[in-house]
Amino acid sequence: MKAQEIKNITCIGSGVIGYSWALYFSLKNLFTVVYDISDEALQLAQKRVSSSLEQLVKNNVISKEESQNIEKRIIYTTDMKKAVTDAEFIVESAPEDYEIKRNIVKEIEDYGKSDAIIVSSTSGLLITEIAKYAKYPERFIGAHPYNPPHLIPLVEITKGEKTSDEVIEIAKNFYKQIGKEPIVLQKEALGFICNRIQMALYREVCDLVMRGVCTIEDADKAVTYGPGLRWGIMGPSLVFQLGGGEHGIEGIMKHLMPSINLWLNDMADFKEFPPAFTEVAKQGVNEEIKNRDASIGNDNKSLAEYRDKMLIELLKLHNKL
């Protein structure tokens, strides 16, 4: 199979990630089937698709007519056989549980095409373990998106011990073809790349807050109005390349190394988040939200709308929308 031959997509699981994947595939003119175990779950997915499309229309990404056509390209079903029979590309977005995902893989292989590529949206489980009992582990890959997948371009592709290099290449080309930015892990790693980077940063946020250095709100502002602005343009290594002037990243690392080593020795290195932080984070976020203006989101619904609006504007600058 070639990437250009992938025309029929199935999304297994219609939650926050699954519905968003389905929406994105349909946006790219691909026929998409969404499967879940209950009609209630599928009805919620339909509502989410409609709501997200409204935001895309509101932000001038698509027209109302395009929105209606996108919805028509998505079919919903609770019948696994119907869902996967014709699919060349099957994306699983089930709960983060090895047993649940293994059972889904078995069902897909029972009813799907023998050459269909099976993809897991897992946020960090090992692909080798998910495909442990698969009949065709060579065509099973991980492709972790960032939420919401219908907006954020990144896809982290990872393979298991038996995944075919050819399948990885087909998947990579397919994602490029539909406007994604795929990156490939050279070896398996729990949490992949971005979640590990994200958790390393958040571990330091936790430590600073628990030590009384700053509040949750000020930590968020520090990232949003500091390095987060630069990271929305280019990655940390390229940021350092510019920060080092004519000597680039080598210059900045050599110049700051003595100070950096002092910071590193004072930074968090715990292996489990302190249980008390959950309540501290909850209270901190509630206080932060209370202090926000309605125009930039002061409850979960308006926060999500503001996030999507800002993402859309940034993606336009990156020529991704």
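Refer to the preceding data block for the structure.
Remember, it's a predicted structure, so these values are computed and weren't measured experimentally.

Chemist: Teacher, can you tell me more about the pattern of salt bridges here?
Modeler: Two side chains with opposite charge may pair up if their charged atoms get near one another. For the structure shown, the criterion picks out 17 salt bridges. Notably, a salt bridge pairs E99 with R102, separated by 3.9 Å at the nearest N-O pair. Placement of the pair is E99 and R102 together in helix α5 (residues 98-111), with a separation of 3 residues, close to one helical turn. Classification of E99 by relative accessible area gives partly exposed; the value is 45%. On the basis of relative accessibility, which here comes to 15%, the residue R102 falls in the buried class. With a shortest N-O distance of 3.1 Å, K106 and D110 are connected by a salt bridge. Of this pair, K106 and D110 both sit in helix α5, 4 residues apart, roughly one helical turn. Exposure remark for K106: the relative accessible area of 51% places this residue in the exposed category.

Chemist: What am I meant to see in helix α2 (residues 39-58) here?
Modeler: Within an α-helix, residues lying three or four positions from one another point in the same direction, as the helix has 3.6 residues per turn. Here α2 spans 29 Å end to end across 20 residues, near enough to the 28 Å set by a 1.5 Å rise per residue. Every buried residue of α2 is accounted for by L42, A45, V49, S52, L53, Q55 and L56. The buried residues of α2 occupy an angular sector of 155 degrees when the element is viewed end-on, so they sit on one face. Residues of α2 that are exposed and point more than 90 degrees away from the buried face comprise E40, K47, E54 and K58. Considering only its buried residues, α2 is in contact with α1 (16-27), β2 (31-35), α3 (64-72), β3 (74-77) and α14 (300-317).

Chemist: Help me out: how do you make sense of the packing of helix α9 (residues 216-224) against helix α13 (residues 277-290) in this one?
Modeler: Describing two packed helices takes the angle between their axes plus the distance from one axis to the other. The geometry of α9 relative to α13 is characterised by a closest axis approach of 8 Å and an angle of 70 degrees between their N-to-C directions. The angle between the axes of α9 and α13 places the two elements in the roughly perpendicular class. On α13, the residues that touch I216, E217 and D220 of α9 are F277, V280, A281, G284, V285, E287 and E288. When the residues that make up the contact of α9 with α13 are grouped by side-chain class, the tally is 5 nonpolar, 1 polar and 4 charged.

Conventions adopted
- Residues numbered from 1 in each chain as written.
- Predicted model: local features only at pLDDT ≥ 70, side-chain atom pairs only at ≥ 80, totals over all residues.
- Heavy atoms only, no water.
- Salt bridge = Lys/Arg side-chain N within 4 Å of Asp/Glu carboxyl O.
- Helix = DSSP H or I, 4+ residues; strand = E, 2+ residues; numbered from the N terminus.
- Buried < 20%, exposed > 50% of the residue type's maximum accessible area, 1.4 Å probe, protein only.
- Expected span 1.5 Å × (residues − 1).
- Arc of directions from axis to C-beta.
- Contact = heavy atoms within 4.5 Å.
- Axes fitted to C-alpha atoms, helices over the stretch in contact; angles between N-to-C directions.
- Parallel < 35°, antiparallel > 145°, perpendicular 65-115°, else oblique.
- Nonpolar A, V, L, I, M, F, W, Y, C, P; charged D, E, K, R; others polar.

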